[in-house]
Every structure is written in C-alpha cells, then in structure tokens.
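Overview (structure and organization)
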Amino acid sequence: MKVSYRWLCDVAPGIGLTVEEAMARLALRGAPVEEVEDLAAGLRDIVVGQVLDARPHPNADRLTLCRVLGPDGEVPVVCGAPDVRSGSFYPFAPVGARLPGGFRIGKRKIRGHFSQGMLCSERELELGDDQAGIMLLEGAYEAGAPFATAAELDDHRLDVEVTPNRGDLLSHVGIARELHPVGQGGIVLPAFPASAGAGAGLEGSFARGGSESASAGVCIRIEDPELCSRYLGAVIRGVTVGPSPRWLANRLRAAGARSINNVVDATNYVMLELGQPLHAFDLDRLADATIVVGRARPGETLVTLDGEARPITPEMLMIRDADRPVAIAGVMGGRDSEVSSESTDILLECAHFEPKQVRATRRALGMSTDASYRFERWVDPATMETAVLRAVELVLAAAGGELDGEVIDACPAPWEAPVVSLRPSRVRHLLGVEFSSTELVALLAPLGYREARTGSDVVDFVIPGHRSYDTLREVDLIEEVARTYGYDTFPSALSAFRPGTVPDDPVFQLEDRLRVRLAGDGISEAQTPALGPPRHGDVPLLNPMSADESHLRRDRLPGLLTHLERNLARGVRDVRLFELGTAFSPGENVAAIPRESARVAVVLHGRRAPLQWSGASGRFDVHDIARVLELIAGEACPGGSVVPAEACAGGRRGPVLDGAPLLVPERCYQLVDATGAVVGWGGEIRAGAMDLPPWAGTVVGAEVVLPSSPAAAVAVTARELPDQPASQRDMAFLLPAGTGAGDVLEAARAGGGRLLEEAEIFDLYEGEDLPPGARSVAIRLRFRARGRTLTDKEVDRSCRRVLKKVKGATGVEPRS
Amino acid sequence: MIDELRRLREEALDAFAKARDAGELERLRVRYLGRKDGLVSGVLRRLGSLSPQERPSVGAAANRAKKLLAEALQDRLGEVTAARPETERALDLTLPPRRKWRGSIHPVSQVIDDIWRIFESLGFARARGPEVDTEWYNFVALNTPLDHPAADEQDTLYLAPGLLLRSHTSPVQIRTMERYPPPIRIMAPGMVYRRDTYDATHTPAFAQIEGLVVDEGVTFVDFKATLAEFARRFWGPGTQVRFRPSFFPFTEPSAEVDVKRVIVREDGREEETDWIEIMGAGMVDPAVLDNVGYDSERYTGWAFGMGPARVAMLRHGVRDLRLFYENDMRFLGQFT
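First, a word on what this report is: a plain description of the structure on this page. The shown structure was predicted, so the numbers you read here are calculated from the model rather than taken from an experiment.

Rules of the game
Residues numbered from 1 in each chain as written. Chains lettered and ligands numbered in written order. Predicted model: local features only at pLDDT ≥ 70, side-chain atom pairs only at ≥ 80, totals over all residues. Heavy atoms only, no water. Helix = DSSP H or I, 4+ residues; strand = E, 2+ residues; numbered from the N terminus. Rg over C-alpha atoms; globule rule 2.2 N^0.38 Å. Buried < 20%, exposed > 50% of the residue type's maximum accessible area, 1.4 Å probe, protein only. Areas by Shrake-Rupley, 256 points an atom, 1.4 Å probe, with all protein chains shown as cover. Lys, Arg positive; Asp, Glu negative; His and termini not counted. Charge placed at Lys NZ, Arg CZ, Asp CG, Glu CD. Patch = residues over 30% accessible without salt bridge, like charges linked within 9 Å, V, L, I, M, F, W, Y side chains within 5 Å. Salt bridge = Lys/Arg side-chain N within 4 Å of Asp/Glu carboxyl O. Pairing = 2+ DSSP bridges. Contact = heavy atoms within 4.5 Å. Buried area = accessible area lost by both parts, 1.4 Å probe. Polar contact = N/O pair within 3.5 Å; in protein donor to acceptor, adjacent residues only side chain to side chain. Axes fitted to C-alpha atoms, helices over the stretch in contact; angles between N-to-C directions. Parallel < 35°, antiparallel > 145°, perpendicular 65-115°, else oblique. Nonpolar A, V, L, I, M, F, W, Y, C, P; charged D, E, K, R; others polar. Disulfide = S-S within 2.5 Å. Left-handed = near helix turned anticlockwise from the far one by under 90°. Arc of directions from axis to C-beta.

1. Considerations on the overall build of chain B
The helix and strand inventory of chain B stands at twelve helices and twelve strands. Relative to the compact-globule value of 20 Å for 336 residues, chain B shows a C-alpha radius of gyration of 34 Å, a clear excess of over 25%. The burial tally for chain B puts 55% of its 336 residues in the buried class. Accessible area of chain B: about 15,300 Å², with a carbon and sulfur share of 49%. The positive charge centre, built from 47 side chains, and the negative charge centre, built from 51, are 13 Å apart in chain B.

So this is what it looks like as structure tokens:
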C-alpha cells in the first residue's frame, strides 16, 4: 500500500507524527514501511517565480521575454511559451538549479537576449504529461518561496507492507486508524476544493431494496446474494469527462496512482481514501439501463479495460446489463462500457463481493487489480454508503453533473456485525499476563471493538466492519490485546521447561559427524540446489522457473560436478567439495510421492596437498576416493567395505549421466554395507560427462546413500596393548598382469592366522626388468603373541602358511 | 646381474632393519652404497661388461635399487635416532610449516550448527521431514486455506496437483506433532523451495530453521524470553531484541523479531547496529493444534522460523546470497 503522508495527515489532522515517527509506529503496529520516497527531492531548487511583465521576443515568434521575480530579485528570462501572463506565478528554476531529470540551468543567450532561469512545465518537473505550456499556479504566492511547499507537493510516499489478513489497511483512512486510534482526534474526510458540499445533502437518499432496486430509470438486480451481498449504484447525469483538477492528480500521484480522467480519478481517490473499490460505467452503454449481478453464461466473453479478451466461465461472477456482461465483478470493468470523453451520464458502482469468489476468478484469469486485491482481503461493508456518497461528491466537484434520483441500494443480505467472546482466563493462558475485563475493554475499544456484554468470566465484543473478516475467533481478539498492550511491554522471563518427547534425529547427528570428518580431511562443504535440467530418472516439476531447474535430481553427484566445472572454468585448479543433501527418485506411479534419500557426495580434482617446499604430493586419483569412501563408511555404514565395482556382482554401477555411467567402470569402487547391499559408489568421472578446460586432470567423485535410521554408535571395546616384542618379516611377490595386489594382501592376512598382527604393502614396483604388466609387491608382516615371545620357528611356520594361502588364492609365488 | 641386484637389495634391507644405531647404519651405507667399494656401486661399475642391449635396463635397475636403499637407510636412520635431539643438521625454521589442505564447513551450516547448539542447551531436539510434501502439510494443516491470500505469499513449486516442494520448514511441525505427544521442543533445519529467480537475496532453494514448543502453560512470556535468550547467546549479551506484530497463518499472535547488535570496531569503539529482522515467530494458532488432534484449550505453544543464510550474510558481511550457493573454492575456503 502506497501512502501519501500529506493525505494521511489530512484524514487524521490530530495525528501529530513526523514521517519518521509514523514509520516507527507503523512498524510496531505490524505494518512496516518498506520504502520511503521524498516526492519533493527533485524539486528542491525550484521556486515560485512571479512574472512581472512579458513581451514577445523581437527575433522569434514563439518566444517570450519576461522579467521574473525570484529569490534573487528580478531576472530576465526567455520563455518558450507564447502565453505567459504578467503578474502570474509559475514554477521557476533559477540559474544553478537542477531539474528533477538532472538538467542544470545555466545562464544562456537565446536569440540575442540573456535568460537567467527557466519557467517550467509539468513535464519538466515530472509532475504530469502536460507539456503544452508552462505550469500556471492559481492563487497568490510569495515570489521566491520554495515551489514544492507552496504547491503542496512536499510529500513523502510510504510503501507500507500490509499482511494478507489486514485488508483494512489498504486505504489512507485504514492506515490513519491504525496509527491513531479512535478517541485521539478521530478521522475526518477532508472537503474537496471547489466542492458544493453535495455529499452532505445526500445523506439518507437511498432507494432501499432487497435483491432488486431502482431509481432514476436504472434498475439493479442481484442474482447471487451469497457472492454479492449489496450493490449501490449512483446515477450522475451531465458530467464533463476531462483531465482531473491538479490537486486530484497530484494526490493520486503521491499515492502511486496514475491520473486517467476526472471520473475514473474520483473512483480511485475514494478507493485509496476509504478502501472501497468503485467502478464508473457509461450509462448510455448499458443496455436497458440495467445492472444484473450474476454468473457468466456459457460461451460469453468480455474485453476488459486493458483491451484483453477474457475467457470467462460460468463459475465467475459478472456485472451484466440487459444483454451481456459488462464487468468481471470485483476484478475489472469492460472496455465497451468504460467512461470516455464522450460520456455524459454515468453509473457509479459501489458493491460488496465475497472474497473467495473474487480470488478464484482473478486467479483463474491470471490477473490481479487494485480492486481484486482489496476485495479478496475483505472490504468494510459498513463503509459502503460513505464511500458512494464521497464518490458522488467528488465526481460532481471534479467533473460536474448532477446526481439523478436516489442512490440505488440493492441489498439482499444486510451485513451484521459479528460478536466474539473473550475470556480473560484464556488471555492469561496464552499471553501469560493477567488482564481484567475492564482492562481488556480499555485495550480493545480504541480499535473499534465495542463491548456488547460483560459477564463474570467473559466479555462479548462487537467486531467493527473493517475487521469482521479476520477477527472472528477469540484468539484473534487476543492478538489484538497483545498488539495494543505492546509486545515489548510483556515481561520476558525464562521459566522451567519439561523435556520434549521427540528424540534428536540420528540422521542430523550422522550429518554432523560427516561434516567434521570430511572438512577435517581437507574437503570443503558445498550447498547446491537439488534442482537441475532433465536427466534420466529425475523427478519433473509441474511449474519450473526454467528448463535448467525443472527436475529434482536423482543423485547429488552430477550437481556437485557442475560446481566443480564452474570452479575449473574460473581457473580454480584444486577443488575438493563435499555436500550433504537430499536425492529424489520417482515414486511407484506418476502421482505418487517421490522417494527421498539423504546423501553425501564428494568430488576431488588437482593436487593432494598445496604447493610447497617439500615437493609435489601427486594428484588425486581413484585411490584417494577409495579412502574417502572408507572415511564415510566409518560413520555412515559401520561394517561396510569398499570393494572394486568388478568384484561386486550385480551391483549398480553408480550414477548414470546422459545414458552412460558417470564413473569409469574399470576405475570404480562400491561401498557395500554389512548386509551386502551397495550403498555408495566412488571412482573416476568419465571424461565425456563433464565440460572441462583442456588442462584439467582426473576428476574423482563419490556418492553414498545415508541410512534413514542410522544405528546408534557402538562404543569401542579397547584392546590391551601388547606386552611382547613383535617379529617382522618382509615378503616380495611377482604379480602377473591381472592379479590384484590387494587380493594378495588379503590372502596374506587370511593366511597369517592368529599370530599375524598386521600386514601392509610397503612397496609396489613395475618396470622394464619385469615381464610386461607384471608388478613386484612387497608386504611387511608383523607377528606377535600374547604373553610370550615368538620363536623364529613359529614365525617361519606362519610365513609358510601365508605363502601357501597366497599361492592358493592368487597363484602367486614369492620372489626368490 | 639383475638377480644379483635383487639379492643385494633384499640383503641390504634386511641388514638395515637389524641395525641398532647410526654407527652401524653408516658402516652398512659404506658396504652397500659407498662410492668406492659399495656393492651396488660395484654392479654399476661392471656395466661395461654387458652387451649394449642389456646395459640400459640393468643400469636403470641398479640406480633404482640404489635410490630405494638410500631412502630405506634414511628412514631407518630416522627411526634409530628418533629419540635423540637432532643436533648435527641445522633446520631452516624460517620455512613455512608443512601444509595440508584445510577443508571447511559451509558458512550456512555453521550458522545452523551454532543456532542448534544454543537451542540444544535449552532442551530442544532436531526433527526431520520430507522436502516433497502435500498441500495439506505445507498449507492447510498450518491454517493456510488455499483460497486465502496468505497462500500467495510463497510462490510454490509443484510436482503434481496437491504435491509440492515445501515452501517452508513448518510442515515438520505438523508431522512431528502427529507422531509424538506433547511436550514438544524441536528444531527443524532443512532446505525449502520457492518459485524465485536468483538475485542478491533470493534463490529457489535455501535453508530454513523451524522451532516449535508445545506444552501446558507455555505463554507469550516464555516465547519472548526464550527467543531473547537465544539472541543474546548468538549475537552477544549486549544484543537488544524487539518483537513487532506481524501475520503468519499458523501463529497468533504473530511477531517479527528484530535484533540490534553491539559490534566492536577495530579501534575498540562499540557501535550499535540498526534493527535487523531475523525471524518470524508467534504463538501456535489453536487451529494448528486442533488439526493434529492436540487439545488446544489445554496446550499452548510457540514457533519460529529463520533463514540461516541471511544470518550468515550478516555475520560475514556477504552482500549477495548467491555467493553461498556458487561454491567457489576461494569463497568456501575462507570459512575453515
């Protein structure tokens, strides 16, 4: 809601708040000001200039030579307008002044005459489109006075954030009421300049009826009382449609609205003042001078004011004449019956429409207007008569004409103010502070909630019309109590609490541990959206913002890779990212809810350690990702093992991208959990799967599905430390091509028996002196027994078993 | 000759392993690697007797063996002398420390974690809910009828009619209360989705944190006190907290919570910030409690929702939200 501060002061003369104070108070009343604009900011240099005399320029037809009295006395001014009036006042930009557009006025010589300043048009001051001539100021002014103040243009426009429950704040009176509760000066509706005071004499002149009413030859009938409970129509004949008077156009502009013509501006003015949307029809365009409020007939269309042909449907409520729809009720009028410069007789509509109906219609049509915005948030039914009379008065003042007959009042369902009961005990229950019935009445009365009845433990309040849509429950009144008492007035005291029944979610705990582990391993946590372009198996969105974010990702790794790509594209060469997030896979059928799983994904590229003096550390490869998989398994998958994908028969090969595996199948590991299920993958990313700069090296990545209910961490049972020295033996094997070193190690471990404490590969070598593809592997074995020193004999025996096992499992013999 | 080298290597490694002190290792060095009489050097010297075809491979093997043995000797020397201070060799302590990569936890995760630690100490537990949810959980059960303008506030991404990406973490309130009886004291961090385009303050997917308390005797006073306590612990004891009326369909009374922090400038001067909006909150609307089958005459509660990314922006002086989601290593690497 855009609010003119001047307008606000006019409807609440006793308000006594500066712009800043008004903003601060609005914030504390729940309607913060998002933006404030000083409307006179561009007019600071402009003053009122009085033209002392004016004569035609001797060397040009269209120019006038003036003497202008300004702040620095008399100066000569050459003016481009031919009709400058001596003695009159105009906005004047002296030498050195800056116009709102930024143009600076200098001393110029025009056709042989000096000009020391400029008399301005509305357009030059950005006050309107009228560039026909310079802007004549009616009335008497002090020459040299600041123009903005003199012309009452020194205003501020406040953009007030109005929450959806407060339709009553969508007007200047509504905002004033909130700032300035009843009983502190009250709200006044200021008199219009040049008004004959027509409104005052109209009071009570209503042609009251039920579903149907008529006056001045116009008949109004309501077919759907549930959707339109009341329709007021005023017939004004003999109007002259034209530009609005300057004060009206200025006022609308100050509140962020555009001036259209004097009749339309009058309806908009009343809407901005009182919150009641109105519409003006050209009466001659209404067939049989009839208004019918009812549903659209099948197959009807309507071209609205904005020139759009609207596909209306029978659920929509329309305003019709005898033959056809002429407006979409509460949303927008039709173009055919719009008030134009030819109109002389008009019908002003002031109606009450059901909020949900207006909302459904404007949503179905994909549009929103100032009127529909207000109707769907509730318009005060108790203000309708004031609004229609105010509009009549303003049309008469601005466009002339006369009210014909009485205001037609079709009212099939008269509004009744709701009554809501409030228990002081419930107030204390929710707010924690004791209020007596008397105190509650004192708090609520200034907001318009009238005490209807006070019982021993309950007070009934009559709800005012402007709050009668959102304040219908006891708790709604309790909010009003809290708001008026002041949130900051309540004490703030911590009290004891009982522990809750909900246990801390173990997946969050697992994620905490993974974060610490992976960050500790030198990897940085990323956050990427789960949204991406369509890929096989992804879950589509119904209303995506863009094709790039039209699907929910089935795996996290592809998304993380795009962020690796972006880093490389920016020249960042060492990239280590991990991410914790949700992946989505389609449900059982199209309408089913997708399955979600928590994932951890990792990508690595570049050097294993930062550049430094102690030499190169090598670059990340699949063996690093295997280690990361083990790290993750340690937290997420106790008892799990990381195995080459080949070794895992029937397992998934991991994420698929563009129809091919994302990971190179020969360079891929799987994480297998204790039950044998594959829960993760890691390996080298297929080069074609990414868009990388030519200098990029190997990229490795991994993704693991986190368990939905991770097992509680089992405490480690500490082993006793050895009390005896160990015996160490080294063995070397020559592995033919195709034999896995890990298999040899595994066999060695298996063959070592109870005495084998540890076995590790400590040298791996391939070279020209070995057969092609063959490798030499050296394994160090450490033997130890509890309680006694091992003899060489025992160790030799164990070594023989190791060799036998290795030979049996892999066919490999030790090197001589 | 290759075999001889192999044998020499094994023999030498064995001898190194058995050596007990630096003196012994030095004798072994002379024996195997000595320039004049070393056995490996001897092999190299005899290369000339080989055919030109054999020479390169044997030479390479001999050099490799020499290098391997030199390293092994050095390792062993390190082992046998480890207990004693190094005095012979001068170390250059002006060198930068030996470096490893430092990983980092995402700044938004750090904020969530810091917030969680505070609420954990106030008796809260974390709860989780699905990111794809139904209109019932996202709107209707939260007292937000779809035909009310409040449902417009968040432009929602849909998967199918009635099925959507949650636009806030509040559905977790409903799911948790359906599953557990009062008292409830939970926090629900998680990703939420809106139909927004990327700009300095919006992304289509972002983190949110929800909090919910429901029990007998929970009042507006507790609500204010707990959130004020949180704010002072999070932003410092000098932090002022302001509660402004607002509107959320699922709380009544509703409030926006602002904080005014005291920041210490580099010259030690303390300075107050402006009021900064940090969360939406309020007393749980009785209709929400009714929707999950709680007795709203008996139980009362309060709830809040906040955007940790916004808090992270304030904390780190980040002006553009998108930086958090671009995942540039140079940005993330600052938060180690």
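2. Quick notes on the overall build of chain A
Along the backbone of chain A there are 18 helices and 41 strands. By the compact-globule yardstick of 28 Å for 816 residues, chain A is too spread out, its C-alpha radius of gyration being 41 Å. If you line up chain A on its principal axes, its C-alpha atoms span 125 × 85 × 60 Å. Out of the 816 residues belonging to chain A, those deemed buried represent 53%.

3. Here we look at a nonpolar patch on the surface
A cluster of nonpolar side chains, namely B:Trp136, B:Val140 and B:Leu146, defines an oily patch on the protein surface of about 230 Å² accessible area. Tracing the backbone through its elements, the reader meets B:Trp136 in helix α6 (residues 135-138).

4. Here we look at the pairing of strand β12 (residues 299-306) of chain B
Residue and element names in this part refer to chain B. When you tally the buried positions in β12, you get seven out of eight residues, the bulk of the element. Pairing geometry for strand β6 (residues 205-216) and β12, over eight bridges, is antiparallel. Its bridge partner being in β12, Glu 210 is matched across the sheet by Gly 305. Of the strand pairs in this sheet, strand β11 (residues 276-284) and β12 are connected by five bridges, and their pairing is antiparallel. From the neighbouring strand, Gly 282 faces β12, where its bridge partner is Ala 303.

5. A short note on the interface of chain B and chain A
Counting from both sides, the interface comprises 103 residues of chain B and, opposite them, 105 residues of chain A. Taking both sides of the interface into account, the surface hidden between chain B and chain A amounts to around 9,100 Å²; carbon and sulfur atoms contribute 56%. Across the pair B:Asp215 and A:Arg498 runs a salt bridge whose closest N-O atoms are separated by 2.6 Å. Applying the counting criterion to the chain B and chain A interface returns 50 residue pairs in polar contact (both at pLDDT 80 or more).

6. Brief notes about the environment of B:Ala312
Residues and elements named next belong to chain B. For Ala 312, the position within the fold is in helix α10 (residues 308-316). On the basis of relative accessible area, Ala 312 is assigned to the buried category, the value being 0%. The contact partners of Ala 312, leaving out residues within four places of it in the chain, are Pro 107, Val 108, Val 111 and Phe 324.

7. So, the side chain of A:Ser437
All names here are of chain A. Along the chain, the position of Ser 437 falls in helix α12 (residues 437-444). The exposure class assigned to Ser 437 is buried, which follows from its relative accessible area of 17%. Those residues in contact with Ser 437 that lie beyond four places of it in its chain are Pro 424, Thr 454 and Val 459.

8. Points about the sheet that holds strand β4 (residues 163-165) of chain B
Residues and elements named next belong to chain B. Strand order across the open sheet formed by three strands is β2-β4-β3, with antiparallel pairing between neighbours. Either end of the sheet is taken by a strand with one partner, and the two such strands are β2 (132-134) and β3 (158-160). Neighbour-to-neighbour, the strand axes of this sheet turn through a mean angle of 35 degrees, independent of strand direction. Of the pairings in the sheet, the one linking β2 to β4 comprises three bridges and is antiparallel in character. Residue pairing for β4: Asp 133 is matched across the bridge by Leu 164.

9. Here's the deal with the packing of helix α1 (residues 2-18) of chain B against helix α2 (residues 22-33) of chain B
Residues and elements named next belong to chain B. Put simply, α1 and α2 touch, their axes get as near as 10 Å, and they point 170 degrees apart. Between α1 and α2, the angle falls in the class roughly antiparallel. Facing α1, whose interface residues are Leu 8, Glu 11, Ala 12, Ala 15, Phe 16 and Lys 18, α2 presents Glu 24, Leu 25, Leu 28, Arg 31 and Tyr 32. Tallied by class, residues from the contact of α1 with α2 come to seven nonpolar, no polar and four charged.

10. Focus on the pairing of strand β25 (residues 450-454) of chain A
Residues and elements named next belong to chain A. Here β25 runs beside strand β26 (residues 459-462); their pairing, made up of four bridges, is antiparallel. Looking across to β26, one finds that Arg 453 is bridged to Asp 460. Two successive antiparallel strands, β25 and β26, enclose a turn made up of four residues.

11. Notes on unusual backbone geometry
Residue B:Pro183 is reached from B:Pro182 by a cis peptide bond, and omega for that bond is 0 degrees. Note on placement: B:Pro183 falls in the loop between α7 (171-179) and β5 (184-193). Backbone torsion omega between B:Glu252 and B:Pro253 reads -5 degrees, so that peptide bond is classified as cis. Among the secondary structure elements, B:Pro253 is positioned in strand β8 (residues 251-260). If you check the backbone angles, A:Ala289 has positive phi at about 45 degrees while not being a glycine. Tracing the sequence through the fold places A:Ala289 in the loop between β15 (279-282) and β16 (290-295). With phi around 60 degrees, B:Asn143 is a residue other than glycine that occupies positive phi space. With a relative accessible area of 24%, B:Asn143 lands in the partly exposed category.

12. Things to note about the state of the cysteines
Residue and element names in this part refer to chain A. What the rule picks out here adds up to zero disulfides over all chains. Left unpaired, Cys 79 is separated from the closest cysteine sulfur, that of Cys 66, by 5.2 Å. Classification of Cys 79 by relative accessible area gives buried; the value is 3%.

13. Describing the packing of helix α7 (residues 262-274) of chain A against helix α10 (residues 384-399) of chain A
Residue and element names in this part refer to chain A. Closest axis-to-axis distance for the α7/α10 pair is 9 Å, and the angle between their directions is 145 degrees. Once α7 is placed against α10, the crossing between them reads as right-handed. Packed against α7, whose contacting residues are Asn 262, Val 263, Ala 266, Tyr 269, Val 270, Glu 273 and Leu 274, the element α10 presents Thr 386, Ala 387, Arg 390, Ala 391, Leu 394, Val 395, Ala 398 and Ala 399 at the interface.

14. Considerations on the sheet that holds β25(A)
Residue and element names in this part refer to chain A. Pairing within the open sheet is antiparallel, and its three strands lie in the order β24-β26-β25. The sheet is open, and its two edges are formed by β24 (419-422) and β25, each paired on a single side. Across the sheet, the axes of successive neighbouring strands diverge by a mean angle of 30 degrees, strand direction being ignored. Bridging between β24 and β26 involves four bridges; their strand directions are antiparallel. Note on β26: the bridge partner recorded for Leu 422 is Val 459. In the packing of α12 onto the sheet, the strands contacted are β24, β25 and β26, and the crossing angle to β26 comes to about 10 degrees.

15. Re α12(A)
All names here are of chain A. Along α12, the residues classified as buried are Ser 437, Leu 440, Val 441, Leu 443 and Leu 444. Here the buried residues of α12 occupy an arc of 165 degrees about the axis, which is enough to place them on one side. More than 90 degrees from the buried face of α12, the exposed residues found are Thr 438 and Ala 442. Summarising the contacts, the buried residues of α12 are in contact with β24, α11 (424-431), β25, β26 and α13 (474-485).

16. Quick look at helix α8 (residues 355-364) of chain A
Residues and elements named next belong to chain A. All of the buried residues along α8 are Pro 355, Gln 357, Val 358, Arg 359, Thr 361 and Arg 362. Where α8 starts, the residue carrying a side-chain oxygen 3.1 Å from the main-chain nitrogen of Lys 356 turns out to be Glu 354. Positive backbone phi, at 65 degrees, marks Gly 366, one or two positions downstream of α8.

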